[in-house]
Amino acid sequence: MLPIMNQTKRIITFIALCLLIALPCAGQDTLRRNSLPEVSIIQRNTHPVVVLSQTPVQVTTEEQIEKLGDVQLSDAVQRMAGVTLKDYGGIGGIKTVSARGLGSQFSTLTIDGVAVTDCQNGQVDLGRYLLGNSSHISLSNGQTDSPLNSARNYAAGSIINMETHEPEFGSRPINLKLGLAGGSFGYISPTLSLEQRISSKMSLALWGNYTHNEGNYPFTLYYTNTHTDSSSLEHRTNSQVNVGNADMNLFYNFDSRHRLQVKAHYMKGYHALPGPVIFYSTRGSEHSEEELFFAQARYRQTSEHWDIQLLGKHQRSLDIYEDTAARNAAHLIHNEYHQQESYLSQVVRYHTAQKVKGREALSVSLSMDESVAYLQSNLSTHNEVQRRSALGALALEYLPQFSPSIKGLRLDAHLLGTYIRDYETGKESSPYTKISPFAGLSYPMGNFILRYFFKETYRVPNFNELYYFTIGRTLRPEKALQHNLGMTYQSNTYPIAPSQMMRHTVTADVYFNRVADKIIAIPVQNMFLWSMTNLGVVHIVGLDITTETSLRGSFDLNRPVRYDIILQAGYSLQYAVDRTDPKSKVYGHQIPYTPRHSGNIALTATSPWVDLGYSVMLVGRRYSMQQNTANALVKGYVDQGITLSREFFFNSSTLRAQIQVLNIFDVQYEVVKSYPMMGRNYRLGITWKI
């Protein structure tokens, strides 16, 4: 393994080389005026096809994001079947997701296929990532159906991918978008987007956003668990948010077979942390400051028999946590965590030229990943720790053709090898090594596709669990076995009237997950000193059902009026119970914050007069503790929101106006116990496109 500095130099050199390759080509657009310009047909980044994927995948498109008024990544992900969201306080609170009961650290967030990581706590706050320049959001259980998967993606239990919008130009070489949104409780958010066509093959996209929110929303404080007697009207305090984001993307399409994308992202934020409402107290004294920068590059090359993908990334971040409740400065809590990671990934894939139902009859790929993560803190112990990782995956995809009766049968398999070792000053841990298998198959039957996969995955203890605020000890990684059996159905688009077309899509999957060696935190002397140990076993049996119906058509009102309606719905059943010790009081109890039943509805409609977005979130009751007692009960809720928008066209520009009403019926609920969420609130926004 390479030292950190050498690894960092390799990443920076890789990204610099990508830029050096692309930039000289920008000045080669020197066609004479009387020459016809070259036309390159480039396939844009398209979202995964839900019904054709061997592993379950759900997608939210750019159009749906706009019509439903989604702002943060968590807004879109929480509507997906099988997802459990933890939201610590709504506006500034941390937002994490667990897919199919595996825990948030089994979910990997990728941006343009490159993983976002946090070696300190192992989970990513989805509230930090905004959707302003995303082309689509997808959630894949097991793994993505892409033929070019990095080894790190093979290691994930589920993958949330944000794909950046690639500019499209008409007759003008510049697209400019200015936006301003405001709303309840001091919310204000200006946005700037600039897209520039540099040449026929290269484009540059700049995007920036600033968000401020006071977050002082009202809520009812109940003084008993029954919510039937003493209560008072309070306001959430210590909830201010100030976050700025800047994003730069360079797209260079050498031709239809060679593509390069370079991204640089910077975020700086301040979050006041309101804390839980407990013991008659509503005041908070904590806040955090975050600064994040990363630069990454993705290069893909395809040919008749060979595909290549190269990924490179370097990330640096600073997190500051401070609690000002101390009586004097000597006892002020001030913690700083500096992280940096360097990452390289290479994928080489060989495939036959012969295809079966649009896919290569045989393909073999080799993925190799290498990373070094480094964490420095101002704590007195374990203040410099480092993790070096090497992952390799050998994958096979085969569509047998020896019998007409099995034409379309698809078999997939891979083996993932892992080597991870941690280092501190003067000592190093024992390496963690593992071989993890995957096997899957799918078989089409008319408009139906049957699918099954088995996967073994894991998650390594993060630095918080190993070193900070705990009694240090050796921990084994959590292991998960995933089984999924499902089917997809899509009807052909058919007319229901001379001017109306309809299509139906349905997916249904049953799954069984088993998590072993689950890491459990046990308080030792007080609530600030914990022992981490491998004790837990969890069984999860579930069902995910999703449906989508689209209706497109027109009718006459002196002139043809076109409309487009999409109705999506999802339902999840999760029976996720503790199976650690039959003699324990929590044996057979539902694991914390996992609802037995949940569902969602999303309706979007487009017309010449107004665009409509309407969403419903239904979440059943949950428990905040391992033991499912009445005191730990967190009641279920239904949250509804509506968005109305309209575009006004001028000579060379477009003005879009939007109004949102969130939590329409002013329901008071909690996603995490003692963290009350916002009631009814409003947002207004305007966007000017040139």
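Residues numbered from 1 in each chain as written. Predicted model: local features only at pLDDT ≥ 70, side-chain atom pairs only at ≥ 80, totals over all residues. Heavy atoms only, no water.

(A) Quick peek at the overall build of the protein. A count of helical and extended segments in the protein gives five helices and 38 strands. The buried share of the protein, reckoned over its 690 residues, is 51%. In the protein, of all internal contacts separated by at least 6 residues, the share reaching a separation of at least 24 is 64%. When the accessible surface of the protein is summed, it comes to about 32000 Å², and 59% of that surface belongs to carbon and sulfur atoms. (Helix = DSSP H or I, 4+ residues; strand = E, 2+ residues; numbered from the N terminus. Buried < 20%, exposed > 50% of the residue type's maximum accessible area, 1.4 Å probe, protein only. Contact = heavy atoms within 4.5 Å. Areas by Shrake-Rupley, 256 points an atom, 1.4 Å probe, with all protein chains shown as cover.)

(B) Local environment of the packing of aromatic side chains. Applying the stated criterion across every chain yields a total of eight aromatic pairs. Seen from their ring centres, Phe448 and Tyr489 are 4.8 Å apart, and the 40° between their planes marks the pair as tilted. Pair noted here: Phe448 is in strand β25 (residues 448–459) and Tyr489 is in strand β27 (residues 478–490), with a separation of 41 residues, a long-range link. A network of ring pairs unites the aromatic residues Tyr252, Phe254 and Tyr299 as a single cluster. Looking at Arg579, its charged tip hangs above the ring of Tyr587, at a distance of 5.0 Å from the centre. A cation over an aromatic ring shows up here: Arg683 above the ring of Tyr187, its NZ or CZ 5.1 Å from the ring centre. (Phe/Tyr/Trp six-rings, centres within 6.5 Å; stacked < 30°, edge-to-face > 60°. Lys NZ or Arg CZ within 6 Å of the ring centre and 35° of its normal.)

(C) Geometry of unusual backbone geometry. With a phi angle near 60°, Tyr593 is a residue other than glycine that sits in the positive phi range. Among the secondary structure elements, Tyr593 is positioned in the loop between β31 (560–578) and β32 (597–606). A residue is classified by how much of its surface remains accessible, and Tyr593, at 11% relative accessible area, is buried. Positioned with a positive phi, Asp666 is a non-glycine residue whose angle comes to about 55°.

(D) Just the pattern of salt bridges, in detail. Per the counting criterion, the structure on display carries 30 salt bridges. Linking Arg476 and Asp517 is a salt bridge whose minimum nitrogen-to-oxygen distance equals 3.0 Å. One end of the pair, Arg476, is in the loop between β26 (470–471) and β27; the other, Asp517, is in strand β29 (residues 500–526), with 41 residues separating them in the sequence. Of the residues examined, Arg476 reaches a relative accessible area of 42% and is grouped as partly exposed. A salt bridge links Asp611 to Arg656; its shortest N-O distance comes to 3.6 Å. On the criterion of sequence distance, the pair formed by Asp611 in strand β33 (residues 611–619) and Arg656 in strand β37 (residues 654–662) is long-range, its members being 45 residues apart. Judged by its relative accessible area of 10%, Asp611 falls in the buried class. It is possible to trace a salt-bridge network through shared partners that takes in Glu66, Asp611, Glu647, Arg656 and Lys689. (Salt bridge = Lys/Arg side-chain N within 4 Å of Asp/Glu carboxyl O.)

(E) Inspection of the nonpolar core at higher detail. Ranked by size, the top nonpolar core spans 28 residues in total, and within it Leu73, Val77, Leu109, Tyr129, Ile137, Ile160 and Met162 carry the most contacts. If you list the elements that add at least two residues to this core, you get α3 (73–77), β2 (83–87), β4 (107–111), β6 (134–141), β7 (158–164), β13 (241–255) and β15 (286–302). Broken down by element, the residue count for this core peaks at three residues, all from α3. Excluding residues within four positions of it along the chain, Leu73 makes contact with Leu109, Leu126, Tyr129, Leu131, Ile137, Ile160 and Met162. Listed in part, the 13 residues of the second largest apolar core include Ala373, Leu379, Leu466 and Tyr468. (Core = buried A, V, L, I, M, F, W, Y, C linked by side-chain atoms within 4.5 Å.)

(F) Geometry of the sheet that holds β7. In space, the five strands of this open sheet follow the order β1-β6-β7-β4-β5, with mixed pairing throughout. With one partner strand each, in any of the chains shown, β1 (57–61) and β5 (114–116) form the two edges of the open sheet. Averaged over all pairs of adjacent strands, the angle between their axes in this sheet comes to 25°, without regard to strand direction. Relative to β7, β4 runs parallel, the two sharing five bridges. Residue pairing across strands places Thr110 opposite Asn161, the latter belonging to β7. (Pairing = 2+ DSSP bridges. Axes fitted to C-alpha atoms, helices over the stretch in contact; angles between N-to-C directions.)

(G) Inspection of the environment of Asp319 at higher detail. Looking at the secondary structure, you find Asp319 in strand β16 (residues 306–323). If we skip the residues at most four places from it in the chain, Asp319 touches Arg128, Glu289, Glu290, Asn335, Glu336, Tyr337 and Gln339.

(H) Quick look at the pairing of β25. Where strand β24 (residues 432–445) lies against β25, eight bridges are found, and the strand directions are antiparallel. Opposite Ala439, over in β25, you have Phe454 as the bridge partner. Count of turn residues in the β24/β25 antiparallel hairpin: two residues, of which Gly446 carries a positive phi of about 70°. Alignment of β25 against β27, held across twelve bridges, turns out to be antiparallel. Counted as the bridge partner of Ile449 is Thr488 from β27.

(I) View of the environment of Leu192. Position of Leu192 relative to the elements: it lies in strand β9 (residues 187–197). Each C-alpha atom, one on Leu192 and one on Leu180, is 8.9 Å from the other, the two residues being twelve residues apart in sequence. If we ignore the near neighbours within four places in the chain, the residues touching Leu192 are Leu176, Lys177, Leu178, Leu206, Trp207 and Gly208.

(J) Examining a nonpolar patch on the surface more closely. Among the surface-exposed residues, Leu362, Val364, Leu366, Met368, Leu394, Leu396, Tyr398, Phe402, Leu411 and Leu441 lie close enough to one another that they form a single nonpolar patch of about 870 Å² accessible area. Secondary-structure elements contributing two or more residues to the nonpolar patch are β20 (362–377) and β21 (384–398). In terms of residue count, the dominant contributor to the nonpolar patch is β20 (four residues). Relative to the helices and strands, Val364 resides in strand β20. (Patch = residues over 30% accessible without salt bridge, like charges linked within 9 Å, V, L, I, M, F, W, Y side chains within 5 Å.)

(K) Seen up close, the pairing of β9. Both strand β8 (residues 174–183) and β9 contribute to a ladder of ten bridges, which runs antiparallel. Bridged to Leu180 within β9 is Pro190. The antiparallel pairing of β8 with β9 creates a hairpin that spans three residues between the two strands, and Phe185 there sits at a positive phi of about 60°. Sheet analysis places β9 next to strand β10 (residues 202–213), joined by eight bridges and oriented antiparallel.

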